[in-house]
Amino acid sequence: MSGPRPFTWLLFFTLALAAVLATELRREEPRLMHVQGPPPVEQPEGQLEEAYLLARDATVRIEARCTGSRAGQTLGVGTGFFVTADGMVFTAFHVVEQSSTQPCPTRLVAVTAAGAEYTLDLVGFDVYMDVAALRADVDHAVPYLTPAARRPEVGDQVVAIGNSRGDFLAARAGRVTRLGVQAGRADFASGTIELTNSLAPGDSGGPVVNEKGEVVGVVSYISFNPSAMTSQDWVPPYLRGARLPSAYASYAVPLVAGDELFTTVLAGGRRDVPVIGFTVENDYDPARSAHYLGARPGVIVRQVMPGSPAERAGLRSRSEETLVSESGVRIVPQADVVVAIDGRPTPTYQDLVAEIRQKEIGQTVVVTVQRGNATFRVELTLGARTDVFVGNGAD
């Protein structure tokens, strides 16, 4: 990364060291730590401060800790909050998603404001909406938060609680700027909340609380100049294709008492998304690329996951060829480029996502692959993300 430029942030301090390992935990592209930081944190005042102080006792720091020979080492940090007295915890799915590339086996631990620690077990999740429910091994009733009876309104003051910047269950005040951000599907994230709260990695999964101390949303995502997003910038599925602002903003998955998302995930429902089975290098544009990978634009395959539909269909992971000549040594990349799904061109990652998102797990699709000057089509059956990637992610 050579210098500052507009970036899109995912709110997480990756529990699988995705940034270090150059793979992403949820989708089919690397997650980037960006050089441009969030604006200064705004502190809550008055009734909002009181709501924060009450809500903090029910909020937890979520840590992924190594077990075995590296026991005690923390791989990453996120945030969550109790939603029942018997220890059910809500958070963002990407906070607790495990990765096959982790350097050690891990366990998830919740740390409370009082310093108590509880082991967490995954109960339910919705990958598309980026929420998850876990059970803490509590032996007594714990303080908990309740979802709001209604969605917030534009202009409402809210406070998010998180663990970014090395803080512990700290407040990040702000206000609601927009509702209903969505990506062409009215049944998904119809009330997605856009906020001014200054959030950063480590705040993911934390509660967004109104002045009554009710949870109106779960922290998921932030962005810097989303209009300049590239295919390597991570965007939650429910925001892909959405009209995002040109300046900093943060986003929360809406949470309303009694709604289907909350009750289904809490009851152990598990909703996955379809994937092909590879991580993405970046978009390929033959007119701009320094290396020739074929005549058509598309999405460069970075790593084909073992046992995935992509591997069974014959797709190859990116490699490099060393060429020696009188003028010196050159490293030339060799890579498959996905240029179409079911005959529909996919010149960018966003186009690929849009096509796959319309399919179902178990559905057969025709993938057009470019390998240098050769182009061929393969049929494959889309897999479930959590089965195929074990946290590495893709579409």
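Residues numbered from 1 in each chain as written. Predicted model: local features only at pLDDT ≥ 70, side-chain atom pairs only at ≥ 80, totals over all residues. Heavy atoms only, no water.

Before going further, it helps to spend a moment on the overall build of the chain. Secondary structure assignment for the chain yields seven helices and 24 strands. For the chain, buried positions account for 55% of its 395 residues. In the chain, once contacts between residues fewer than 6 apart in sequence are set aside, the share between residues at least 24 apart is 69%. Accessible surface, the chain: about 15,800 Å² in total, of which carbon and sulfur atoms supply 49%. (Helix = DSSP H or I, 4+ residues; strand = E, 2+ residues; numbered from the N terminus. Buried < 20%, exposed > 50% of the residue type's maximum accessible area, 1.4 Å probe, protein only. Contact = heavy atoms within 4.5 Å. Areas by Shrake-Rupley, 256 points an atom, 1.4 Å probe, with all protein chains shown as cover.)

Here the chain averages 81 in pLDDT, and 79% of its residues register 70 or above. Confidence scores differ between elements of the chain, with helix α1 (residues 18-21) showing the lowest mean pLDDT of 31 and strand β11 (residues 207-209) the highest of 98. Here residues 1-35 scores under 50 on pLDDT; set against residues more than four positions off or in separate chains, the count is 164 contacts. Segment residues 225-234: pLDDT under 50, and 42 contacts once partners within four positions in sequence are set aside and those in other chains are kept. (pLDDT = per-residue confidence, 0-100.)

A surface patch of negative charge is lined by E42, E45, E49 and E50. Exposure remark for E49: the relative accessible area of 38% places this residue in the partly exposed category. (Patch = residues over 30% accessible without salt bridge, like charges linked within 9 Å, V, L, I, M, F, W, Y side chains within 5 Å. Salt bridge = Lys/Arg side-chain N within 4 Å of Asp/Glu carboxyl O. Lys, Arg positive; Asp, Glu negative; His and termini not counted. Charge placed at Lys NZ, Arg CZ, Asp CG, Glu CD.)

Judged by nonpolar contacts, the single largest core of 51 residues is most densely connected at F81, F82, F90 and L120. When residues in this core are grouped by element, the largest group, five residues, is from strand β7 (residues 131-136). Apart from residues lying up to four places away in sequence, F90 is in contact with G80, F81, V83, V131, A132, A133, G205, V218, L255, F262, V265 and L266. Listed in part, the 21 residues of the second largest apolar core include V280, L315, V365 and L382. (Core = buried A, V, L, I, M, F, W, Y, C linked by side-chain atoms within 4.5 Å.)

Attention shifts here to the pattern of salt bridges. One pass over the structure, following the stated rule, counts 17 salt bridges. For the salt bridge of R165 with D203, the shortest nitrogen-to-oxygen distance reads 3.9 Å. Of the two residues, R165 sits in the loop between β8 (157-162) and β9 (170-181) while D203 sits in the loop between β10 (192-195) and β11, which places them 38 residues apart along the sequence. Using a relative accessible area of 39% as the deciding quantity, one classes R165 as partly exposed. Two residues, R318 and E320, come together in a salt bridge whose shortest N-O distance is 3.3 Å. Each of R61, E63, R65 and E117 takes part in salt bridges that share partners, so that together they form one network.

The next point concerns the packing of aromatic side chains. Under the counting rule described, the total for this entry stands at three aromatic pairs. Aromatic pair F81 and F90: ring centres 6.4 Å apart, planes at 50 degrees, arrangement tilted. A relative accessible area of 0% means that F90 is categorised as buried. Centroid distance F93 to F125: 5.0 Å. Interplanar angle 40 degrees. Geometry classified as tilted. Linking F93 in helix α3 (residues 93-96) with F125 in strand β6 (residues 117-126), this pair joins segments that are 32 residues apart in sequence. F125 carries the same exposure label as F93, and that label is buried. Taken together, the ring pairs in this structure connect F81, F90 and F262 into an aromatic cluster. (Phe/Tyr/Trp six-rings, centres within 6.5 Å; stacked < 30°, edge-to-face > 60°.)

Once that is clear, we can look at the pairing of strand β4 (residues 88-91). Burial along β4 is two-sided: M88 and F90 facing one way and V89 and T91 facing the other are all buried. What sits between strand β3 (residues 74-82) and β4 in their antiparallel hairpin is a turn of five residues, with G87 showing a positive phi close to 100 degrees. Both β4 and β7 contribute to a ladder of four bridges, which runs antiparallel. Bridge pairing in β7 places T91 opposite A132. (Pairing = 2+ DSSP bridges.)

Moving on, we get to unusual backbone geometry. For L169, which is not glycine, the phi dihedral falls at a positive 50 degrees. Locating L169 in the fold gives a position in the loop between β8 and β9. Located in the positive-phi region is D342, a residue other than glycine, with phi close to 50 degrees. If you trace the backbone, D342 turns up in the loop between β20 (337-341) and β21 (344-345).

Let us now look at a nonpolar patch on the surface. Together, V324, V329 and I331 make up an exposed nonpolar region whose accessible area comes to about 300 Å². Checked against the element boundaries, I331 lands in strand β19 (residues 328-334). According to the relative accessible area criterion, I331 is partly exposed, its value standing at 42%.

Moving on, we come to the environment of F125. What makes F125 buried here is its relative accessible area of 7%. Separated by 147 residues in the primary sequence, F125 and D272 have C-alpha atoms spaced 8.0 Å apart. Filtering out sequence-adjacent residues up to four positions away, F125 remains in contact with F93, V131, A132, V265, G269, R270, R271 and T386.

Every regular strand shows the same layout, with side chains that alternate between the two sheet faces. Of all seven residues in strand β17 (residues 298-304), five are buried, a share of seventy percent or more. With five bridges connecting them, strand β16 (residues 278-284) and β17 associate as antiparallel partners. Across the sheet, residue V280 finds its bridge partner in β17, namely V301. Where β17 meets β20, two bridges bridge the pair, whose relative direction is antiparallel. Bridge pairing in β20 links I300 to V337.

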